[in-house]
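Structural characterization, general
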Amino acid sequence: MKQKLKPATLCVQAGWQPKNGESRVLPIIQSTTFKYDNTEEMADLFDLKKEGYFYTRLQNPTNDAVAQKIAALEGGVGAVLTSSGQAANFYAVFNICEAGDHIVTSNEIYGGTYNLFGVTLKKLGIECTFVSQEASEEEISAAFRPNTKALFGETISNPGCQILDIEKFARIAHQHGVPLIVDNTFPTPINCRPFEWGADIVTHSTTKYMDGHATQVGGCVVDSGNFDWDAHADKFPGLTTPDESYHGLTYTKAFGKMAYTTKLVAQLMRDLGSIPAPQNSFLLNIGLETLHLRVPRHCENAQRVAEFLAQDERVAWVHYSGLPTDKNHALAEKYLPNGSCGVIAFGLKGDRQTAIQFMDSLRMIAIVTHVADARTCVLHPASHTHRQLSDEQLREAGVAPDLIRLSVGIEDCGDILSDIRQALDKIG
């Protein structure tokens, strides 16, 4: 019986299994193409009759090894790396949707994803309905249509730090015969594995904690292999009917549980090509090797910072599920018993200018359009990542105009607190 490895071991060992005499460290296969001895072998690859490599836009050994590691960490059957987290969310949806289709999503999602679903997908003929994830099952179900193909949410919302009730969302999705797609970027599989709670597909911005050092941009789509596409064949013809671009091959018949990821590579990567560079995947893999060590430190530091902010009279409110007073605390105890992440959302007493003055007064903590790496950083979404939204749209997306997103790093927590304290002192 094969040993079932723990997450910490998977972070270090999964994905790349060198044979005798091969490189112990995952090599960078920095090549566009791969050589074969005869045309028939390559023809079989193009027809999906054999597995192998022929062009990096579709598959690359370095990329695939890292994808396999992430699939193992999430407990999925397969995964595909993409060039960014945005690309991952787009591919996850577009792999099962086409013009004339519809999706339902929580409104508590990252501003870029909100715009992707609400604006850009509409230009492709795919409609989106946003719902409050705190709404009742009946209210969320009312948003579904006959042409709805997926339900989407974020385990921990960016930047609002709200916790998704994954079981509730999975139950609703499955009642309507569609998969639940969950963006699991913030907790990572170290703190939450959405497949264990009923999710069907997981996405990641690997740019964040998985990389952990702000060295590369990337994403990943992971399939649980649990959703029965054939049971809802009329909804998902792209997977359950012949693909004429591959000589009439039907993905569910030819690839079983790997149908979804195979189609994603064979169709979408073939035609759209949002692949990561092998060098980026190599850097991502280095980050993954310490993910199980870094995530607990992020959570430990963030808990202390959240407790400090919650007790400071100049702070109007704090959202961090580790606080017993947080409205998401019960959900966090259920889905995230080992901690959530290092990201805190809070607001200061005053106005938007108060938030700006606080941020501009920070010394060690940097203002950057990034989140979830080793360095503590801060952002004012209303002025930066979500600035395309009106105040009304901000509130609909769960982003208060005064919200400050603080991503607590793995530095000495005393130094982080000192910097926050002196910046607060500057605003009075």
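Look above for the structure.
Small disclaimer: the values here were computed from a predicted structure and weren't measured. (Residues numbered from 1 in each chain as written. Predicted model: local features only at pLDDT ≥ 70, side-chain atom pairs only at ≥ 80, totals over all residues. Heavy atoms only, no water.)

Considerations on the side chain of Gln-216
Rules: By the criteria applied, helices consist of DSSP H or I runs no shorter than four residues and strands consist of E runs no shorter than two, each listed in order from the N terminus. Here a residue-residue contact requires only that any non-hydrogen atoms of the pair lie within 4.5 Å.
Looking at the secondary structure, you find Gln-216 in the loop between strand S6 (201-205) and strand S7 (219-223). Excluding residues within four positions of it along the chain, Gln-216 makes contact with Thr-206, Thr-207, Asp-211, Asn-280, Leu-283 and Leu-284.

So, the nonpolar core
Keep this limit in mind: To qualify as a nonpolar core, a set must consist of buried Ala, Val, Leu, Ile, Met, Phe, Trp, Tyr and Cys residues joined through side-chain atoms within 4.5 Å. Note on classification: 1.4 Å probe, protein chains only; a residue is buried when its accessible area is under 20% of the maximum for its type, exposed when over 50%, partly exposed between these limits.
Core analysis: the largest hydrophobic core is formed by 122 residues, its most contacted members being Val-305, Leu-309, Ile-344, Phe-346, Phe-358 and Ile-420. When residues in this core are grouped by element, the largest group, eight residues, is from helix H13 (residues 291-311). Other than its neighbours up to four places away in sequence, Ile-344 contacts Cys-161, Ala-302, Val-305, Ala-306, Leu-309, Val-318, His-319, Tyr-320, Ile-404, Arg-405, Leu-406 and Val-408.

Concerning the pattern of salt bridges
Applicable threshold: Within this document, salt bridges are pairs made up of a side-chain nitrogen of Lys or Arg and a carboxyl oxygen of Asp or Glu, the two lying within 4 Å of each other.
All chains considered together, the criterion is met by 11 salt bridges. Lys-327 is the salt-bridge partner of Glu-134, the closest N and O atoms lying 2.9 Å from each other. Pair noted here: Glu-134 is in the loop between strand S3 (127-131) and helix H6 (137-141) and Lys-327 is in the loop between strand S8 (315-319) and helix H14 (329-335), with a separation of 193 residues, a long-range link. The class of Lys-327 is exposed, set by a relative accessible area of 53%. Through salt bridges with shared partners, a single network forms among Asp-312, Arg-314 and Asp-425.

Section: the packing of H13 against helix H17 (residues 413-426)
For any two helices packed against each other, one specifies the crossing angle of their axes together with the interaxial distance. Filter applied, for reference: In this analysis, axes come from line fits to C-alpha atoms, helices being fitted only over the stretch in contact, and the angle between any two N-to-C directions falls in the range 0 to 180 degrees. For classification purposes, angles smaller than 35 degrees are called roughly parallel, those larger than 145 roughly antiparallel, those between 65 and 115 roughly perpendicular, and all remaining angles oblique. In a left-handed crossing the near helix is turned counterclockwise from the far helix by less than a right angle, and in a right-handed crossing that turn is clockwise. Any residue that is not Ala, Val, Leu, Ile, Met, Phe, Trp, Tyr, Cys, Pro, Asp, Glu, Lys or Arg is counted as polar, Gly included; the first ten are nonpolar and the last four charged.
Interhelical geometry of H13 versus H17 gives an angle of 30° and a closest axis separation of 10 Å. Classified by the interaxial angle, the pair formed by H13 and H17 is roughly parallel. In the crossing of H13 with H17, the sense of the turn from one axis to the other is right-handed. Each of Arg-297, Asn-301, Arg-304, Val-305, Phe-308 and Leu-309 in H13 lies in contact with H17, whose residues at this interface are Cys-413, Ile-416, Leu-417, Ile-420, Arg-421 and Leu-424. Residue classes in the contact of H13 with H17 are distributed as eight nonpolar, one polar and three charged.

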